[in-house]
Amino acid sequence: MTRLTLSGVSFWYPAAERPALTDVSLAVAPGEVVALVGGVGAGASTLLLAAAGLAPRVVGGRLTGNVERTVASAIVLPTPWTQVSGMAFTVRDEVAFGPANLGWPIERIWPAVGRAMERLEVGALAERDPATLSGGELQRVILAGALAMEPGLLLLDEPTAELDSSGTQAFWRLVRTLAREDRASVVVATSDIDAVAAFADRVVWLEQGRVRGAGPPAEVLVDEAFLREGPGGPMVVLAWRAAGCAGPLPLTVADAAARWVRP
Amino acid sequence: MRRLHPFTLLALAAALPLLAWILPAPRGALAPALAAATLAAAAGPRRVLLPALLTAAPLWFFLFILHGVGGMLVFGVRLTAMIASFVWLVAVLPPARLVEAMVAAGWGAPSAYLFAATLSAVPLLQQRARRIVEAQRCRGLSPRGSPLARLRALRALALPLVLSALHEVDERALALETRGLGAGHRRTPLAPPPDSALQQAARLALLLACGLALAWRLR
């Protein structure tokens, strides 16, 4: 049973003649992490909006094809400062904004909020005013707000754009944990190609609104066409090739280090 | 004042301008206008009262040009009561508390949010305007000098302010939708502000005062 199914989806923004998505099909299973990669204008963000049911319902435009979700979903957009509710005095209330809107009983809200804040490591910020947070802190709070709604399908648009290196790595580990322990399905639009192999089960390469390639990271990220015409392969792959190293291309630094033979 | 129930603050902010418009001006309207100015001064002479007076001052000037001294006094006092009440309300009523109170009273979350967003728009726009002015200063634009230079600076502020606000409306609508605001559920109040019989009586008294004043004027 898939959590999200897109069948032949095409989407046009209002007053746009060229579609932002063309004939896109995608199915996401429980506990699966799918990474959407592509250059600017590839359509990854639009795909997430369509998957969340926001396009065309909220953004307008026209959609053909079929989008089906079988579980509750939550989406995190790339700009955290426009996602703050503006209706909370504290970070704790900000994280509780979504669950409260869903009408959950109060005894369900606070444990869910606590768990989400613990996972995003924002417990220390609980009593802070959201307006005083840095970009990275705010992004983690917004992510916690999405997790607190306990979605079966999590849609993330550049979720690490405001995070530092260690925060980014911790977040990708959390994505894996959510998929493994909570059986959450996660679809992530990201330009962090280096990290994709570490967190994604499947990669979908988008180009000008079309699916150009899809498959496991070990296939897509080392594909010759992807390396030549895609958004840029993982740095470790490029370094491996530039150094003239032989053998299959490694996807992670650990993999490369294990295979690298000192001259 | 901040501890009062949001509905009490709203009732005060609505009743004072209403009385100022209902009662004969300028003498009758002077009391509610003074009350509004006093509330604004109590909330912060520089932070609340001064911006209210500065906002009202140009209106007094235009009223003087259009209607002379008499008309200026009649309408100026009433407009000042309105402006001072609104600025005071924005200063003392955090939108989050208003939403909680409205939701606890049975309002739908989207309509409560819409109402509260009106109050939160002013400080948000002020904050953004400050950031834009700082950015324009970094690029060499000075908001000081001759009236012409100030007008140029105003244009450089207004356009990005309006455009960025419009752009953000889209993103904010999306974000609120994703966080369940339009899901159609009855929102759970997280911390409904405490109300009291005394405050309820005060609200009723304000309503009665407005009704009686209207009846007296229409008799």
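Please read all numbers here as calculations on a predicted model, not as lab measurements.

**So, the overall build of chain A**
Inference 1: The secondary structure content of chain A amounts to 10 helices and nine strands.
Inference 2: At 19 Å, chain A has a C-alpha radius of gyration in line with the 18 Å of a compact globule built from 263 residues.
Inference 3: With the C-alpha coordinates aligned to their principal axes, the bounding extent of chain A is approximately 60 × 45 × 35 Å.
Inference 4: Residues classed as buried in chain A amount to 48% of the 263 residues present.
Inference 5: At a minimum sequence separation of 6, the contacts of chain A that also span at least 24 residues come to 64%.

**Looking at the domain arrangement of chain A**
Residue and element names in this part refer to chain A.
Inference 1: Assigned domains of chain A: these are domain 1 (4-232) and domain 2 (233-263).
Inference 2: For domain 1 and domain 2, the distance between their C-alpha centres works out to 30 Å.
Inference 3: Contacts between the two partners involve 12 residues from domain 1 and, on the opposite side, seven residues from domain 2.
Inference 4: Per element, the largest residue contribution to the side of domain 1 that touches domain 2 is four residues, and it comes from helix α6 (residues 193-199).
Inference 5: Taken together, the residues that form the side of domain 1 that touches domain 2 break down as nine nonpolar, two polar and one charged.

**A closer look at the domain arrangement of chain B**
Residue and element names in this part refer to chain B.
Inference 1: Looking at chain B, the domain boundaries give domain 1 (1-107 + 194-219) and domain 2 (109-185).
Inference 2: Contact residues are listed per partner, giving nine residues for domain 1 and 11 residues for domain 2.
Inference 3: Among the secondary structure elements, those contributing two or more residues to the side of domain 1 that touches domain 2 are α3 (45-92) and α4 (95-104).
Inference 4: Looking at the side of domain 1 that touches domain 2 element by element, the count peaks at five residues for α4.
Inference 5: For the side of domain 1 that touches domain 2, the residue count by class is nine nonpolar, no polar and no charged.

**Notes on the interface of chain B and chain A**
Inference 1: Taken together, the 25 residues of chain B in the interface contact 29 residues of chain A.
Inference 2: Among the elements of the structure, α4, α5 (109-138) and α6 (147-178) of chain B are those that each provide at least two residues to the side of chain B that touches chain A.
Inference 3: Broken down by element, the side of chain B that touches chain A gets its largest block of residues, eight residues, from α6 of chain B.
Inference 4: In terms of residue class, the side of chain B that touches chain A is made up of 13 nonpolar, five polar and seven charged.

**Remarks on the environment of Glu68 of chain A**
Residue and element names in this part refer to chain A.
Inference 1: Within the secondary structure, Glu68 is located in strand β4 (residues 62-69).
Inference 2: Taking the C-beta count within 10 Å as the criterion, Glu68 has 12 such neighbours and is therefore assigned exposed.
Inference 3: Along the backbone, Glu68 and Leu36 are 32 residues apart, and their C-alpha atoms lie at a distance of 18 Å.

**Brief notes about the nonpolar core**
Inference 1: Leu36 of chain A together with Trp88 of chain B are the most contacted members of the largest nonpolar core, which totals 142 residues.
Inference 2: The element that contributes the greatest number of residues to this core is α3 of chain B, accounting for 18 residues.
Inference 3: Dropping the residues within four chain positions of it, Leu36 of chain A is found in contact with Ala44, Leu47, Val187, Val188, Ala189, Val204 and Leu206 of chain A.

**Overview of the sheet that holds strand β3 (residues 33-37) of chain A**
Residues and elements named next belong to chain A.
Inference 1: The strand order across the open sheet formed by six strands is β5-β6-β7-β3-β8-β9, and the pairing between neighbours is mixed. Pairing within the sheet leaves two strands with one partner each, and these edge strands are β5 (73-76) and β9 (210-215). Averaged over all adjacent pairs, the angle separating strand axes in this sheet is 15 degrees, with direction ignored.
Inference 2: Sheet topology note: the β3/strand β7 (residues 185-189) ladder contains four bridges and is parallel.

**Topic: unusual backbone geometry**
Inference 1: In this model, Ala55 of chain A is joined to Pro56 of chain A through a cis peptide bond whose omega is 10 degrees.
Inference 2: If you trace the backbone, Pro56 of chain A turns up in the loop between α1 (44-51) and β4.
Inference 3: The amide bond that connects Ala25 of chain B to the next residue, Pro26 of chain B, takes the cis arrangement and shows omega of 0 degrees.
Inference 4: Relative to the assigned elements, Pro26 of chain B resides in the loop between α1 (6-22) and α2 (27-43).
Inference 5: Its identity as a non-glycine residue notwithstanding, Asp23 of chain A has a phi of 50 degrees, on the positive side.
Inference 6: One can find Asp23 of chain A in strand β2 (residues 21-28).
Inference 7: Under the C-beta neighbour-count criterion, Asp23 of chain A is labelled partly exposed, with 14 such atoms within 10 Å.
Inference 8: In this structure, Glu150 of chain A takes a positive phi of about 45 degrees despite not being glycine.
Inference 9: One can find Glu150 of chain A in the loop between α4 (135-148) and β6 (153-157).

Conventions and cut-offs
Residues numbered from 1 in each chain as written. Chains lettered and ligands numbered in written order. Predicted model: local features only at pLDDT ≥ 70, side-chain atom pairs only at ≥ 80, totals over all residues. Helix = DSSP H or I, 4+ residues; strand = E, 2+ residues; numbered from the N terminus. Rg over C-alpha atoms; globule rule 2.2 N^0.38 Å. Buried ≥ 20, exposed ≤ 12 C-beta atoms within 10 Å, placed from the backbone. Contact = placed C-beta atoms within 7 Å. Domains from an automatic or database assignment. Nonpolar A, V, L, I, M, F, W, Y, C, P; charged D, E, K, R; others polar. Core = buried A, V, L, I, M, F, W, Y, C linked by C-beta atoms within 7 Å. Pairing = 2+ DSSP bridges. Axes fitted to C-alpha atoms, helices over the stretch in contact; angles between N-to-C directions.

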